[in-house]
Amino acid sequence: MTDDPANGNTRRHGTGSAARFAPILLGAGLAGAAVLLAVRAARQHPVSPDEVTYPPRDQPKQVAEGIWIVDSGPIVVACLSLPVRMTIIRLGDGDLLLHSPVRFSPDLARRIEALGTIRHLIAPNVAHWTFLSDWQRAFPDATVWAVPGLRDRKEVRESGLVVDRDLGPAPPDAWQGEIDQGIVAGAGGFREAWFFHRASSTLVLVDLIENVEPAKLPPLTRWAMRLTGATRDSTAFHVRSLLLLERKAARQAVAAMVATAPSRVIFAHGRFFADDGAARLSRAFAWLVDD
């Protein structure tokens, strides 16, 4: 406890913050141990891609007017098999925005081209960019958009990906009036852009919410995902810790996103919120916005 001579008040430091972060740090440590165990299990007990993901895979599936998803994967993260999802938004002029593109294939590209002109390729955070190089080579006239800072990463430069434009807190002219957007930033360079498609009342994210279904995963992978909080219709613990380190700015950015009150919320990993989106979104971020 310390005295503040400027106003005569007494302030407490340390204990509240430590208590708030302790569960997150403990969860991150346990998750690391689980990942090591899951590495061995994944090698010994491979699973079918359809068991982990949401078939039919690698083809557009319409979820609302002007909105499609492509379920793909599984992708392997630290030897853990996870489902991954791309979202496609068709603008009023027929141009398509590919949000967090999944692995490229000529067949998938043809199916998407049947929906409109592929004009925009989006890397919405620092993790969801690894398949963009192939899409950029296939569609060189498309504009690649990315969160600020992604273009400066060594692995991005070495991949050959060229980022044309940085995403900002406001929509560019290309989709102004049709899609609202913002950026949620945390410590360690974490940034994720969110997009709200007005006509369909759809919010599109990648990692700010995860809802991986334990029943679709091998036992130790299931344990690892539970320990990271990635099975709880909310923000995983490692992302929470980054946002809490920039708490004030993150809370304001997330509150603006929650205020869109979407009908549905699509994200990259797990079963998305196909209905009751506004209420489920508010519950997902109650740990930050309502704290």
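As shown above, the structure is provided for reference.
Residues numbered from 1 in each chain as written. Predicted model: local features only at pLDDT ≥ 70, side-chain atom pairs only at ≥ 80, totals over all residues. Heavy atoms only, no water.

1. What to know about the overall build of the protein chain
For clarity, the threshold we go by: Helical segments are the DSSP runs of H or I of at least four residues, strand segments are the runs of E of at least two, and each set is numbered from the N terminus. Working definition: with a 1.4 Å probe on protein chains only, accessible area under 20% of the residue-type maximum means buried, over 50% means exposed, and in between means partly exposed. In what follows, residue pairs with any heavy atoms lying within 4.5 Å of each other are defined as contacts. Here the accessible surface of atoms and residues is derived via Shrake-Rupley with a 1.4 Å probe, and residues count as covered only by protein chains that are part of the display.
In terms of helices and strands, the protein chain carries 10 helices and 13 strands. Evaluated residue by residue, the protein chain yields a buried proportion of 51% over its 291 residues. Once local pairs closer than 6 in sequence are excluded, the contacts in the protein chain between residues at least 24 apart make up 55%. Surface summary for the protein chain: the accessible area is close to 13300 Å², and the carbon and sulfur share equals 52%.

2. Regarding the environment of serine 48
Of note, serine 48 is situated in the loop between helix H1 (15-44) and helix H2 (49-52). Along the backbone, serine 48 and proline 74 are 26 residues apart, and their C-alpha atoms lie at a distance of 9.1 Å.

3. Regarding the sheet that holds strand S6 (residues 95-99)
Under the convention used in this document: For two strands to be treated as a pair, DSSP must find at least two bridges joining them. To obtain an axis, a line is fitted to C-alpha atoms, over the contacting stretch when the element is a helix, and the angle between two such axes runs from 0 to 180 degrees between their N-to-C directions.
Across the sheet, which stays open at both edges, the seven strands sit in the order S3-S4-S5-S6-S7-S8-S9 with mixed pairing between neighbours. In this open sheet, the two edge strands, each paired with only one partner strand, are strand S3 (61-64) and strand S9 (165-166). Bridging between strand S7 (residues 117-123) and strand S8 (residues 143-146) involves four bridges; their strand directions are parallel. In the sheet register, alanine 123 faces S8, and the bridge partner there is alanine 146. Where helix H3 (residues 106-113) meets the sheet, it contacts strand S4 (67-77), strand S5 (80-90), S6 and S7, and its direction lies at approximately 30° from that of S5.

4. A closer look at the nonpolar core
Put simply, the rule is: In plain words, nonpolar cores are sets of buried Ala, Val, Leu, Ile, Met, Phe, Trp, Tyr and Cys residues tied together by side-chain atoms within 4.5 Å.
Counting 78 residues, the largest nonpolar core has Trp135 and Phe285 as the members making the most contacts within it. Looking at this core, the element that brings in the most residues is S5, giving six residues.

Keep in mind these numbers describe shape, not what the thing actually does.
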